[in-house]
Amino acid sequence: MTWKKSVMPKSVYRRQLAARLRELREDSELTLAEVSGRVEVSAGSLSRIETGDRGTTPVLVKALLDCYGVNDEAVREDILDLVRADQARKRPWWKKYAAVVNTTQYGGYLTLESSAVSMRSYEPLLIPGLLQTEDYARAIITEMRSDLTARQVEALVKVRLRRQELLRGEAPPKLWVVIDEAAIRRHVGSAEVMRQQIEHLLATCEQPHVTMQFLAFELGGHAGLYGSFVLMDFPNPTPEVVWTENLTNSVCFEDPKDVERYADVFDHLRARALGPSETRRRFRELSKELE
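Now for a description of the structure that goes with this document. (Residues numbered from 1 in each chain as written. Predicted model: local features only at pLDDT ≥ 70, side-chain atom pairs only at ≥ 80, totals over all residues. Heavy atoms only, no water.)

### Side note on the pattern of salt bridges
Here the idea is simple: oppositely charged side chains can pair when their charged atoms come close. We apply this condition: The term salt bridge refers to a side-chain nitrogen of Lys or Arg lying within 4 Å of a carboxyl oxygen of Asp or Glu. Helix numbering and strand numbering both begin at the N terminus, where a helix is a DSSP run of H or I of at least 4 residues and a strand a DSSP run of E of at least 2.
For the structure on display, the rule yields 21 salt bridges. When the shortest N-O distance is used, the salt bridge between Glu134 and Arg138 registers 2.8 Å. With Glu134 and Arg138 both in helix H8 (residues 134-144) and 4 residues apart, this pair spans about one turn of that helix. Each of the salt bridges in this network shares a partner with another, and the network as a whole consists of Glu181, Arg185, Glu218, Glu278, Arg281, Arg282, Glu285 and Glu289.

Written out as structure tokens, the structure reads:
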């Protein structure tokens, strides 16, 4: 398996734009060198635009569309919309927290998460960030990030809470989460913090776009013991990706074989986990234990 570190993955819009421009050039039967001579941009720059490693401008894209003989105004406008959308994402809301977001290699994940139409997440040790209460988030960040100042911890708490607005928007992504019992049993903060956290999970379960499953201890060993991961789906034709984290970096898998492997593991986990209704029952039991 190839591990690829992605500090700042390409935006969904840029990836779509790259694919469209490459397809149009190939349809016109032009090489990068030929296009370079016509629009007076280096072949290397054009290649990076076609792979999504470099952004571009409406002026250059209009020149490329002219070069490729694209005259349909609807098609041109769709492609230019992708350019504008990618440019608009250069200053996302989390930029104001750049000092701590970059320190934690968090920005790349936020870029993907904010554009996903569905996510499948497995967490063996912690409550997923999108489902954490403020008190739980503060307690877990404080414990896990002893290198941060109190102000930096508070900044990350604000980022985590702001992320959760995704689930309350007009068109929220579908979220399917499998949470190991260890994440629920481990006391983060006080017993009251954990009770409120479990009550928050119960409330979130009621949202139609959220599916939650509990992976109980009694189910024994399983394919998810390697660690947490998130599968993210995007609007067509952008392919699905997998995001994982460890102590020192974050890794984004884009190879279809890697993504398929993680998807198979997630299917294994949700097949073994308790169903949504049984999950809610177990959450209620655990909440009562903490009263």
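### So, helix H12 (residues 256-272)
Here is the rule: Here, expected helix span is obtained from the residue count minus one, scaled by 1.5 Å. Using a 1.4 Å probe on the protein chains alone, a residue whose accessible area is under 20% of its type maximum counts as buried, one over 50% counts as exposed, and one in between counts as partly exposed. The arc refers to the directions leading from the helix axis to the C-beta atoms. We call two residues in contact whenever any of their non-hydrogen atoms come within 4.5 Å of each other. In protein, a polar contact requires one atom able to donate a hydrogen and another able to accept it; more generally it is a pair of N or O atoms within 3.5 Å, and residues adjacent in sequence count only if both atoms are side-chain atoms.
Between the first and last C-alpha of H12 there are 24 Å, a value that for 17 residues agrees with the 24 Å anticipated at 1.5 Å per step. All buried positions along H12 are accounted for by Asp258, Val259, Tyr262, Ala263, Val265, Phe266 and Leu269. All buried residues of H12 fall inside an arc of 160° around its axis, so they share one side. With respect to the buried face of H12, the exposed residues turned more than 90 degrees away are Pro256, Lys257, Glu260, Arg261 and Ala271. On its buried face, H12 is in contact with strand E1 (118-123), strand E2 (174-180), strand E3 (210-215), strand E4 (229-233), strand E5 (241-245) and strand E6 (250-253). Among the residues of H12, the N-terminal cap falls to Asp255, whose side-chain oxygen and the backbone nitrogen of Lys257 are separated by 2.8 Å.

### Some points on the pairing of E2
Here is the key point about a regular strand: its side chains alternate between the two faces of the sheet. So the rule is basically this: We treat two strands as partners when DSSP finds at least two bridges between them.
When you tally the buried positions in E2, you get 5 out of 7 residues, the bulk of the element. Inspection of the sheet shows E1 paired to E2 by 6 bridges, in the parallel sense. The residue bridging Ser118 from the neighbouring strand is Lys174, located in E2. The pairing of E2 with E3 spans 6 bridges and is classified as parallel. Counterpart to Asp180 in the pairing with E3 is Leu215.

### Description of the environment of Arg185
For Arg185, the location among the structural elements is in helix H10 (residues 181-185). Each C-alpha atom of the pair Arg185 and Leu126 lies 9.8 Å from the other, and the pair is 59 residues apart in sequence. In this structure the side chain of Arg185 is engaged in a polar contact, spanning 3.0 Å, whose partner is the side chain of Glu289.

Note that every value here comes from positions in space, so none of it alone points to a role or purpose.
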